[in-house]
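# Observations on the three-dimensional arrangement
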Amino acid sequence: MTLAIVVGCAAVLVALRYWRRARRSGAHHDPWRVGARSIDLHGAPLVAARELRERVRGRPFRIGTALILLAVAAAIVIPILTRGTPTPTQVGIVGPATPQLRAAIHTAAAGVGTSVHVVVEPSASAARDALERGRLDVALLGDRAVVVATLDPTGASSSTQLATALAGVLGVHAAYRAAGLSPAQIARLAGAKPITILSLQPATKPHNAGSSVIGVILVFLMLTQYNTWILLGVMEEKSSRVVEVLLATVRPIQLLAGKVFGIGLVALGQATLIVSFALVLGAIVGSNLLHGAAPIELAAALLWLVLGYGFYCWAYAAAASMAERQDQIQSVALPLSIPILIGYVFSLTVAGSGNASPFFKVLAYLPPTAPFAMPVLVGLDQVSILGFATSVVISLLCTVGVARLAAVVYRRAILRTGSKVRLRDVLRTAH
Amino acid sequence: MTALDGLTFSVPAGRVVGFLGPNGAGKTTTMRAIFGLTDLDAGSVRWQGAPVDQAARRRFGYMPEERGLYPTMHVAEQVTYLARLHGLDPVAAGAATTTWLERLGIAERAGDKVESLSHGNQQRVQLAAALAHDPELLVLDEPLAGLDPTGIDAISQVLVEQAHRGCCVLLSSHQLDLVEDLCESVTIIDHGRVVVAGDVDVLAESGPRRLLVRVEGDRAGAWARGLPGVRVSESDGGAIRLVLDDDVDSDDVLRAAMGAGRVTAFSFERRRLSEVFREALG
């Protein structure tokens, strides 16, 4: 918490300083100053609409969306299918199946987390035969003995667990009778309820690792996909030289803004579709993955996906503008993918273990890694609303800074052809 | 490196102006500067007396040297999209697209992807995109390069029509014969400076006298080399073009030609644009 406040204050101070400096030089006309009055976004909506249309119409988008929906459906449905309906353990009784005995059997079964189906066997030999044939799992010879086909020495099999529990319960019943208790008294004792347990610390919520892991993977996959769209979109315009025709009509910032907003809208639509699909499908099939804090976790993941896209899209556009050919894209984008991988790997580890280290909590406040780390902290219930909001504000402020820098790089690099543009050269350029 | 050095010229309305110069002279840089694609260290580009701004540029049409179209976008969509970026509403942009694709003979390819078109047809799409918003200034960098004669005729006709309706048309080309037929005036630059500018007719009539002489059996014009005050300018279909100093008597030249063989052509000629170009560049 303290860390969040310190980081938040630092970000606000930096932003204020930046804002003051921008105001001081406000008289100088610079259409690149994002937020300046001189900014004119004519053309940006048209560019955004084209991006949206082209992406949605493209086969990669449709196939990609279908694959992600399939993966989400599989992650939700497969655990339920494999969980299946538990088969009741078959218990045979030789002798009178009194209500007390049946109640004792069900009590023992509940104790080991299984259900039972009780049948009456005519004789001990018939019961043994049924055990050998596998028709019965456990046989009771009255309340004298419990018989199983094979006793599992590890105690792991359900029939051995039930047999052990039955032996204990029936032994106690036999002791009650020997003590001269009436059936009513025995039933009353059998129905004893445990007393209340009080904890000095509040109970921790069960950690649902599944939804956290799914959230982190989804954010990673989708953020990577959207960043790739930005890379390819900018590269396509540069390599086809259409950018020269476009920039003869619209300003670079208008083209860049239109592109990132257009792709952003597609991204938001796709992400919303996937999260909605997950929530609805989870509700329909009764998935454990979407119980408890999972919906909030997914909503947080969706929000951070948007924030992560907002942060990275500008940087990726600037990186793509520096490449000359498509094969250079990976090398210019590599430095940007490193923080994504760091955030992804750490978040995946913490989502699985449920233990967030102080270092991980720091990652949740750094804009490059927060899109992965913060939703995990939300899932672990280890972040306050203020901490969450602080991280959002830091991310937004840094996004403004990244966008401004990216706009400058994009403008200076997008029309340079002939060789790969180096960032150092771009930043040194006077114009 | 200085790309443009005190370069000043104007493009009058209603004319096709040729913008000529050797490779690296600064033609493309100049054209890009008109659209703000190159930052000028000094000087300005002015339109109707005022510095060119973004609003003015939206009324310009541009065809860059390196053609720029989205390869996978459909032809009609692409032209409509670019027309809309120039400020046309969807209906007007659609109508203009239809008109220009028909006018340039590529209407039947409207639904095809640009990458599936031939080079010549892509060039026509590029021109349609530059024309769809009915520009006041048309800047075309090598619009005729790589076109077959039919394509050259079609595009030339469109450019002349545009000029006649009042548009300013500025085009660069290395095909000087075509420029001579197409343009009414030219500006020739070298090393970022204007070296010659003016009406094609005026430039053609200016300068020393020129003779076109054809002597059978001497296509290279060896007979003329060494004549005092006479310089062989260029060969032209088996004939040679001669440039005469003021004090040279053309009768002396005719006699020399007749001495070399049977003279089948002997006429005074205008200066060709290619000669203007060569002479301007030294």
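### A word on the overall build of chain A
Looking only at helices and strands, chain A features 16 helices and 4 strands. Sequence-distant contacts, at least 24 apart, represent 77% of the contacts inside chain A between residues at least 6 apart.

### Examining the overall build of chain B
Broken down by element type, chain B carries 10 helices and 12 strands. Across its three principal axes, chain B shows a C-alpha extent of roughly 70 × 45 × 35 Å. Here chain B holds 282 residues, and 40% of them are scored as buried. Sequence-distant contacts, at least 24 apart, represent 71% of the contacts inside chain B between residues at least 6 apart.

### A short note on the sheet that holds strand S12 (residues 263-269) of chain B
Residues and elements named next belong to chain B. If you trace the 4 strands from one edge of the open sheet to the other, you get S10-S11-S9-S12, paired in antiparallel fashion. Every interior strand has two partners, whereas the edge strands, strand S10 (230-236) and S12, have only one. For this sheet, the mean inter-axis angle between neighbouring strands, taken without regard to orientation, is 25°. Where helix H9 (residues 250-260) meets the sheet, it contacts strand S9 (209-215), S10, strand S11 (239-244) and S12, and its direction lies at approximately 15° from that of S9.

### Quick look at the packing of helix H10 (residues 252-285) of chain A against helix H11 (residues 294-322) of chain A
Residue and element names in this part refer to chain A. Their axes nearest at 10 Å, the elements H10 and H11 cross at an angle of 160°. On the basis of the axis angle, H10 is roughly antiparallel to H11. The way H10 lies across H11 gives a crossing that is right-handed. On the side of H10, the interface is formed by Leu256, Lys259, Val260, Ile263, Gly264, Ala267, Leu268, Ala271, Thr272, Val275, Ala278 and Leu279, while H11 contributes Pro295, Leu298, Leu302, Leu305, Val306, Tyr309, Cys313, Trp314 and Ala317.

### Focus: the environment of Gly111(A)
Structurally, Gly111(A) can be placed in helix H4 (residues 99-111). Residues Gly111(A) and Leu166(A) lie 55 residues apart in sequence; the distance between their C-alpha atoms is 9.7 Å.

### Points about the sheet that holds strand S2 (residues 116-121) of chain A
All names here are of chain A. The strand order S2-S1-S3-S4 describes an open sheet built from 4 strands, whose pairing is mixed. The sheet terminates laterally at S2 and strand S4 (145-148), the two strands that pair on one side only. Strand after strand, the sheet turns through a mean of 25° between neighbouring axes, direction not considered. Strand direction decides the pairing type here: strand S3 (residues 138-141) and S4, joined by 4 bridges, are antiparallel. By the bridge assignment, leucine 141 is partnered in S4 with alanine 145. Along the sheet, H4 contacts strand S1 (89-94) and S2; its crossing angle with S2, the most-contacted strand, is approximately 145°.

### With respect to the interface of chain A and chain B
Reports often express the size of an interface as the amount of accessible area lost when the parts come together. At the junction of the two partners, chain A supplies 17 residues and chain B supplies 20 residues. Secondary structure elements with two or more residues in the side of chain A that touches chain B: helix H2 (44-57) and helix H9 (242-247) of chain A. It is H9(A) that contributes the most residues to the side of chain A that touches chain B, 6 residues altogether.

### Brief notes about the environment of Ala315(A)
All names here are of chain A. Positionally, alanine 315 belongs in helix H11. Judged by local crowding, alanine 315 falls into the buried class, with 21 C-beta atoms found within 10 Å. Placed 91 residues apart in sequence, alanine 315 and alanine 406 show a C-alpha to C-alpha distance of 5.6 Å. With residues up to four places along the chain from it excluded, the contact list for alanine 315 reads Leu336, Val402 and Ala406.

### Some words on the nonpolar core
Ile230(A), Ala317(A), Ala320(A) and Val79(B) are the most contacted members of the largest nonpolar core, which has 156 residues in total. Aside from chain neighbours lying at most four places away, what touches Ala317(A) is Ile230(A), Val234(A), Leu256(A), Lys259(A), Val260(A), Ala406(A) and Tyr410(A).

### Some details on the confidence of the model for chain B
Residue and element names in this part refer to chain B. Counting all residues, the mean pLDDT for chain B is 90, and 100% of those residues have values of 70 or more. For chain B, the element scoring lowest by mean pLDDT is S10, at 86; helix H3 (residues 75-85) scores highest, at 95. Model confidence for the complex is summarised by a pTM of 0.73, with the ipTM given as 0.85.

### Some points on H11(A)
Taking 1.5 Å per residue, 29 residues should reach 42 Å; H11(A) reaches 41 Å between its end C-alpha atoms and fits that length. In H11(A), a bend of some 30° at Tyr312(A) exceeds every other bend along the element.

### Some thoughts on the pairing of strand S6 (residues 168-172) of chain B
When a strand is regular, its side chains alternate between the sheet's two faces. All names here are of chain B. The buried fraction of S6 amounts to 5 of the 5 residues, a majority that puts the element mostly inside the structure. Both faces of S6 are covered, namely the face carrying Cys168, Leu170 and Ser172 and the face carrying Val169 and Leu171. Note that strand S5 (residues 137-141) and S6 share 5 bridges and pair parallel. Bridged to leucine 140 within S6 is leucine 171.

Parameters and conventions
- Residues numbered from 1 in each chain as written.
- Chains lettered and ligands numbered in written order.
- Predicted model: local features only at pLDDT ≥ 70, side-chain atom pairs only at ≥ 80, totals over all residues.
- Helix = DSSP H or I, 4+ residues; strand = E, 2+ residues; numbered from the N terminus.
- Contact = placed C-beta atoms within 7 Å.
- Buried ≥ 20, exposed ≤ 12 C-beta atoms within 10 Å, placed from the backbone.
- Pairing = 2+ DSSP bridges.
- Axes fitted to C-alpha atoms, helices over the stretch in contact; angles between N-to-C directions.
- Parallel < 35°, antiparallel > 145°, perpendicular 65-115°, else oblique.
- Left-handed = near helix turned anticlockwise from the far one by under 90°.
- Core = buried A, V, L, I, M, F, W, Y, C linked by C-beta atoms within 7 Å.
- pLDDT = per-residue confidence, 0-100.
- Expected span 1.5 Å × (residues − 1).
- Bend = angle between axes of the 7 residues up to and from the residue.

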